Amino acid sequence: MAILTILTYPDKFLSQSAKPVENIDGTIQDMIEDMSSTMYEAPGVGLAAIQVGFDQSIIVYDISPRDEKRSLHVLINPKIISSEGTTIYENEGCLSVPDFRADVKRSTSVLIEGFDRKEKPLRIETHGHLAVVLQHEIDHLNGILFIDRISSLKRGLYKRRIKKILRQK
Ligand code: ZN
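Q: An account of the coordination of the zinc ion is requested, with residue identities and associated values reported.
A: Protein-derived ligands of the zinc ion are Cys94 (SG), His136 (NE2) and His140 (NE2), with the metal-ligand distances lying across 2.0 to 2.2 Å. Sequence positions of the donors to the zinc ion reduce to the motif C-x41-H-x3-H. With Cys94 in strand β3 (residues 73-94) and His136 in helix α2 (residues 128-141), this residue pair connects regions lying 42 residues apart in the sequence. A residue is classified by how much of its surface remains accessible, and Cys94, at 12% relative accessible area, is buried. Using a relative accessible area of 6% as the deciding quantity, one classes His136 as buried.

Below is the structure:
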């Protein structure tokens, strides 16, 4: 198991779309292991393959990563089948967008289909925090960051801050 480097904005790879996984083979299983270690090490509640430079449709998540008993979930080729309602999720953050949080408009509940790592079809109907985490991670697989979903005014603030930091390096 390896800890992978998490790409951060403005890395262009983050705006790539992931390709569907065709075979859940050894390479994919190794990637899942590495993604999980990287997520727990960060720590974060979710990680999409795109964030570690791998353009396959895979996400890992655990909405209570600090619990002693870990409950890792793997979702392959996830698709949002339907969504309902809107909610403003407060202080959303992202491992690829360091030191920035913002309120983001999300669907209240979602129905998601995909596969687990044993190729078993999954159907997840959820709301609240998990629904937001899954929408956030599926966005990554479509090349979308949460800062793409906030006002251009707020996004501009963050972009200017990042430019300044990059200039100082
Ligand atoms: Zn993220």
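Having put the structure on the table, let's press on.
Q: Mind laying out the nonpolar core, listing which residues take part and the relevant values?
A: By size, the foremost hydrophobic cluster in this structure holds 29 residues, and its most contacted members are Val97, Phe100, Leu134, Phe146 and Ile147. Contributions of two or more residues to this core are made by β2 (58-61), β3, β4 (97-115), α2 and α3 (152-168). Those residues in contact with Phe146 that sit more than four places away from it in its chain are Glu92, Gly93, Cys94, Val97, Phe100, Arg101, Ala102, Val104, Arg106 and His136. If you look at the next biggest cluster of nonpolar residues, it comprises 16 residues, including Ile32, Met35, Met39 and Ile58.

Q: Mind laying out the sheet that holds strand β5 (residues 121-127), listing which residues take part and the relevant values?
A: The strand order across the open sheet formed by five strands is β1-β2-β3-β4-β5, and the pairing between neighbours is antiparallel. For this open sheet the edge positions go to β1 (46-48) and β5, each flanked by a neighbour on one side alone. With strand direction ignored, the average angle separating the axes of adjacent strands in the sheet is 40°. Pairing of β2 with β3, which is carried by four bridges, proceeds in the antiparallel orientation. Of the residues in β3, the one forming a bridge with Ile58 is Ile76. Against the sheet, α2 engages β1, β2, β3, β4 and β5, with an angle of about 115° to β3.

Q: Help me get a handle on the pattern of salt bridges, residues and values and all.
A: Inspection of the entire model under this criterion finds six salt bridges. The residue Glu92 makes a salt bridge to Arg106 at a minimum N-O spacing of 2.6 Å. One end of the pair, Glu92, is in strand β3; the other, Arg106, is in strand β4, with 14 residues separating them in the sequence. The closest approach of N and O atoms between Asp139 and Arg106, which form a salt bridge, is 2.9 Å.

Q: Go over the layout of surface pockets, please, and point to the residues and values.
A: Of the volumes computed, that of the largest pocket is approximately 450 Å³. No other element matches β3, which puts six residues into the lining of the largest pocket. The residue makeup of the lining of the largest pocket, split by class, is 11 nonpolar, seven polar and six charged.

Q: Give me the lowdown on the packing of aromatic side chains, citing residues and values where you can.
A: Tallied over the full model, the rule gives three aromatic pairs. Pairing Tyr9 with Tyr158 gives two aromatic rings, centres 5.9 Å apart and planes at 45°, and the pair type is tilted. Note that Tyr9 is positioned in the segment before α1 (26-41) and Tyr158 in helix α3, a separation of 149 residues in sequence. Of the two residues, Tyr9 and Tyr158, both sit in the buried class. Relative to Tyr158, the ring of Phe100 has its centre 4.6 Å away and its plane inclined at 35°; by these criteria the two rings are tilted.

Q: Mind laying out the environment of Asp55, listing which residues take part and the relevant values?
A: Topologically, Asp55 is positioned in the loop between β1 and β2. A C-alpha to C-alpha distance of 18 Å links Asp55 and Phe146, two positions 91 residues apart in sequence. With sequence-adjacent residues up to four places away left out, Asp55 is seen in contact with Phe13, Ser17, Ala18, Lys19 and Ile50. Polar side-chain contacts of Asp55 include one of 2.3 Å to the side chain of Lys19.

Parameters and conventions
- Residues numbered from 1 in each chain as written.
- Predicted model: local features only at pLDDT ≥ 70, side-chain atom pairs only at ≥ 80, totals over all residues.
- Heavy atoms only, no water.
- Donors = N, O, S within 2.8 Å, 3.2 Å for Na, K, Ca; no water.
- Helix = DSSP H or I, 4+ residues; strand = E, 2+ residues; numbered from the N terminus.
- Buried < 20%, exposed > 50% of the residue type's maximum accessible area, 1.4 Å probe, protein only.
- Core = buried A, V, L, I, M, F, W, Y, C linked by side-chain atoms within 4.5 Å.
- Contact = heavy atoms within 4.5 Å.
- Pairing = 2+ DSSP bridges.
- Axes fitted to C-alpha atoms, helices over the stretch in contact; angles between N-to-C directions.
- Salt bridge = Lys/Arg side-chain N within 4 Å of Asp/Glu carboxyl O.
- 1 Å grid on protein atoms, 1.4 Å probe; cavity = no way out; pocket = protein on both sides within 12 Å on 5 of 7 lines; lining within 4 Å.
- Points joined across faces, edges and corners; volume = space filled by probe spheres on them.
- Nonpolar A, V, L, I, M, F, W, Y, C, P; charged D, E, K, R; others polar.
- Phe/Tyr/Trp six-rings, centres within 6.5 Å; stacked < 30°, edge-to-face > 60°.
- Polar contact = N/O pair within 3.5 Å; in protein donor to acceptor, adjacent residues only side chain to side chain.

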